[in-house]
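# Structural description and commentary
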Amino acid sequence: MTVYFMCLILFAVGIYCILRKRNLIKIIIGIMIAEYAIHLLFALLGYRTDGRAPIFSPDEGIVNMVDPLPQALVLTAIVIGLAVTAMLVAIAIRIYEKYGTFDITKIKKLHG
Amino acid sequence: MEPNTHNLIPLFVILPLAGAFIISLVGKKVRWISDVLGNLVTLSLVIASVFSIFAVSKYGILVYKVGSWIPPIGIAMVLDGLTGFMLLTVNLVAFLCTVYSVNYMEKYTAKWSFYTLFLLMLAGMNGVVISGDMFNLFVFLEIASVASYALVAFGTEHEELEASFKYMVMGTVGSLLVLLGIALMYSYTSTLNMADMAIILAQKGITRISFFVSILFIAGFGLKAALVPFHAWLPDAHPSAPAPISAMLSGVLIKTLGIYTIARILYNVFGMSKELTNILLLFGALSMIVGALLAMGQWDLKRLLAYSSISQVGYVILGIGLGTPLGMLGALFHLFNHSVFKSLLFLNSGAVEYAVGTRDMRMMGGLREKMPITGCTSLIASMSIAGVPPLSGFFSKLIIIFAAVQAGYIGYAFWAALVSVLTLAYFMSVQKNIFFGTPSRALAKSDGRRVAKWESIKEPPVFMKISVITLALICIIGGLLLLPALSGNFLKAAAEVLAAGRAYASTVLESIM
């Protein structure tokens, strides 16, 4: 139970970082923290106490294995997260070239 | 069931992916290939989606097993009435947008990268619609989203980059909520297949966890659909993109990633409850009213159109939230109509910007004599979106209002009718400021440079004309889709899938056996 709460705390740290920080790079870090919190939760959901690695071999039965599916899904999600992070950083660099700052209070040509 | 028809299904993802791949390889060197290939791919997708609608009406629901694994374990792609309806809407608008981009995108340098991203986005959207598996839906959702983040920033100017960053942060948070929901649902039901999940959830009944996950999905997909509490990114992101992309984003992207997913998951997988109905109705009505009020204060043409998208999406969510078959029919019909006339309006705003060089409505006026086709088609689209009788928008709004009255929500029906009047008001102001009236001083001042500018305003090139005229024709004859002969396979089949609710699961599983 404690680990799930720690995931929640990690997620909250990430969301806090997205909402409160003024630096573009810190916002990106916040997104990554929130993302990792969810990946961690997803991987933990497939874990069972004292489980072994989900590798099938003839001399061992399928007992007490952790669930391999969440691990595969988290791998996919990590790759997607990598693409999004790369995109975010690329745009942040272009913004820095145009505006000369990472401070979001100074980047406001739009008023939405 | 016909043995080979279901092999059609993966084509909707493979074709645009292959097109994007080839264009990115050779498009830089062989310039004509990106135009030709981009249009060929979207045209063949339109043909395939028409064919798929007939296939569904003939053989019923079709399921493709990816890699021949039997679905509850393997991945399924499902083609039913709702999917066929969405595929035709998405690919039709995409085709007309690529036709339009042949001329419009000349002013950007990297046309090949535009087409690559466009086809990737299309592959993602088609994938979201045909996926029968929760996690696959998430993957396709992210493909479409990442491509659209890049397309919003396509101009790489100050505003575009800022809008893209804002869109990306909000969109990523939305995706995270969806992923969290999928993780919780997997641990609760031990399956990712939608049909299987629906059956297990039906056995367990509505519990606190399934309610919590529905809320996560409404928030996550609501961020993608720009429902009102989550709408802040849309008025920046949609106007910043090039015109054909604005048309795609407002026309179909927010509907496939937001509305379709909400409707499919809440109705076919989770099953609706009283609380969820109330939440959807509230969000729908809020989006409708707030979007229309914000649109009234805009002078930037594309921002006005973006706010109006929020308002019209509110109508669709309201209709879907009602939960009656009539409400769903109206909502889906409005979804189709809105993707047609909103993409037409965005394409025309591109033509106006192309000619005048600004988006500020105070700097225009009297363009009707110079651009009769653009003026006429915009008038048709504005009338249709405002709900003037013979045009398609009137029928869909009428059905939604009727359905609201029939379901006993008189208050919501009243707001829907009132917002329709507001819509008419701000589209009248668009027509007056841009196409009718006298040219503004900025255009018609009699010093030499300004006169030269007025003289230089002319109709857009031929491909842009073809695309807007086709869309205007669909707007005019769109009302005919309600005739029983036509609506049976298209609109009714789609509404029936939603109205059937959890029976979706047993139909899918039966067709696998």
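Overview of the structure. (Residues numbered from 1 in each chain as written. Chains lettered and ligands numbered in written order. Predicted model: local features only at pLDDT ≥ 70, side-chain atom pairs only at ≥ 80, totals over all residues. Heavy atoms only, no water.)

Let us now look at the overall build of chain A. Across its full length, chain A holds three helices and zero strands. Sequence-ordered secondary structure for chain A, helices as α and strands as β, is α-α-α. Its C-alpha atoms give chain A a radius of gyration of 19 Å, clearly above 13 Å, the size a compact globule of 112 residues would have. Burial statistics for chain A: of 112 residues in total, 35% are counted as buried. (Helix = DSSP H or I, 4+ residues; strand = E, 2+ residues; numbered from the N terminus. Rg over C-alpha atoms; globule rule 2.2 N^0.38 Å. Buried < 20%, exposed > 50% of the residue type's maximum accessible area, 1.4 Å probe, protein only.)

For the rest of this paragraph, the subject is helix H2 (residues 24-45) of chain A. Residues and elements named next belong to chain A. With 22 residues, H2 extends 32 Å between its outermost C-alpha atoms, agreeing within 8% with the 32 Å of an ideal straight helix rising 1.5 Å per residue. What H2 keeps buried is the set Leu24, Ile27, Ile28, Gly30, Ile31, Ala34, Glu35, Ala37, Ile38, His39, Leu41 and Phe42. Taking the backbone nitrogen of Ile25 as reference, a side-chain oxygen 2.9 Å away marks Asn23 as the first, capping residue of H2. (Expected span 1.5 Å × (residues − 1). Polar contact = N/O pair within 3.5 Å; in protein donor to acceptor, adjacent residues only side chain to side chain.)

A word on the interface of chain A and chain B. If you look at the interface, chain A gives 35 residues, while chain B gives 34 residues. Across the chain A to chain B interface the summed buried area is about 3,200 Å²; carbon plus sulfur atoms make up 81%. At the surface where chain A touches chain B, the tally comes to four residue pairs in polar contact (both at pLDDT 80 or more). Of all the secondary-structure elements, those providing two or more residues to the side of chain A that touches chain B are helix H1 (2-20), H2 and helix H3 (68-99) of chain A. It is H3 of chain A that provides the largest number of residues to the side of chain A that touches chain B, a total of 15 residues. Classifying every residue of the side of chain A that touches chain B gives 25 nonpolar, four polar and six charged. (Contact = heavy atoms within 4.5 Å. Buried area = accessible area lost by both parts, 1.4 Å probe. Nonpolar A, V, L, I, M, F, W, Y, C, P; charged D, E, K, R; others polar.)

Residues and elements named next belong to chain B. Going through the model one piece at a time under the given rule, you end up with 19 aromatic pairs over all chains. Geometrically, the ring pair formed by Phe114 and Tyr115 is edge-to-face, given 5.4 Å between the ring centres and 75° between the ring planes. Here a set of aromatic residues connected by ring pairs shows up, and it is made of Tyr108, Phe114, Tyr115, Phe118 and Phe154. (Phe/Tyr/Trp six-rings, centres within 6.5 Å; stacked < 30°, edge-to-face > 60°.)

Its 28 residues give helix H2 (residues 32-59) of chain B an end-to-end C-alpha distance of 40 Å, which sits within 8% of 40 Å, the value for a rise of 1.5 Å per residue. Where H2 of chain B ends, the next residue or the one after it, Gly60 of chain B, has phi of about 80°, a positive value.

A word on the side chain of Ser34 of chain B. Residues and elements named next belong to chain B. Tracing the chain through its elements places Ser34 in helix H2. Looking at Ser34, its side chain comes within polar contact range of the main-chain oxygen of Arg31, at 3.2 Å. For Ser34, the contacting residues outside a window of four places in its chain are Ile23, Trp112 and Tyr115.

Let's shift gears to the nonpolar core. Counting 223 residues, the largest nonpolar core has Phe85, Phe135, Phe165 and Met248 of chain B as its most contacted members. By residue number, the principal contributor to this core is helix H10 (residues 243-270) of chain B, which donates 18 residues. Setting aside chain neighbours within four positions, we find Phe135 of chain B in contact with Phe42, Leu73, Thr76 and Ala77 of chain A together with Leu179, Ile182 and Leu192 of chain B. (Core = buried A, V, L, I, M, F, W, Y, C linked by side-chain atoms within 4.5 Å.)

All names here are of chain A. Per the counting criterion, the structure on display carries nine salt bridges over all chains. Measuring nitrogen to oxygen at the nearest pair gives 3.9 Å for the salt bridge that ties Arg94 to Glu97. Taken together, the residues Arg94 and Glu97, both in helix H3 and three residues apart, mark about one turn of the helix. Accessibility expressed as a relative area gives 59% for Glu97, which makes it exposed. Across the pair Lys106 and Asp103 runs a salt bridge, and its minimum N-O distance is 3.6 Å. The exposure class of Lys106 is exposed, given its relative accessible area of 57%. Here the salt bridges share partners, and the residues they tie into one network are Arg22, Asp103 and Lys106. (Salt bridge = Lys/Arg side-chain N within 4 Å of Asp/Glu carboxyl O.)

Residues and elements named next belong to chain B. The backbone phi angle of Thr156 is positive, close to 45°, even though this residue is not glycine. The topology assignment puts Thr156 in the loop between helix H5 (134-152) and helix H6 (158-189). A positive phi is found at Ala226, a non-glycine position, where the angle reads about 60°. Within the secondary structure, Ala226 sits in the loop between helix H8 (208-225) and helix H9 (234-240). The class for Ala226 is buried, based on a relative accessible area of 0%.

Turning to the packing of helix H4 (residues 111-130) of chain B against H10 of chain B, a few remarks are in order. Residue and element names in this part refer to chain B. With their axes 10 Å apart at the nearest point, H4 and H10 run at an angle of 20° to one another. By the criterion of interaxial angle, the relationship of H4 to H10 is roughly parallel. Note on packing geometry: the crossing formed by H4 with H10 is left-handed. On H10, the residues touching Phe114, Phe118, Met121, Leu122, Met125, Val128 and Val129 of H4 are Pro244, Ile245, Met248, Leu249, Val252, Leu253, Thr256, Leu257, Tyr260 and Thr261. Looking at the contact of H4 with H10, its residues break down into 15 nonpolar, two polar and no charged. (Axes fitted to C-alpha atoms, helices over the stretch in contact; angles between N-to-C directions. Parallel < 35°, antiparallel > 145°, perpendicular 65-115°, else oblique. Left-handed = near helix turned anticlockwise from the far one by under 90°.)

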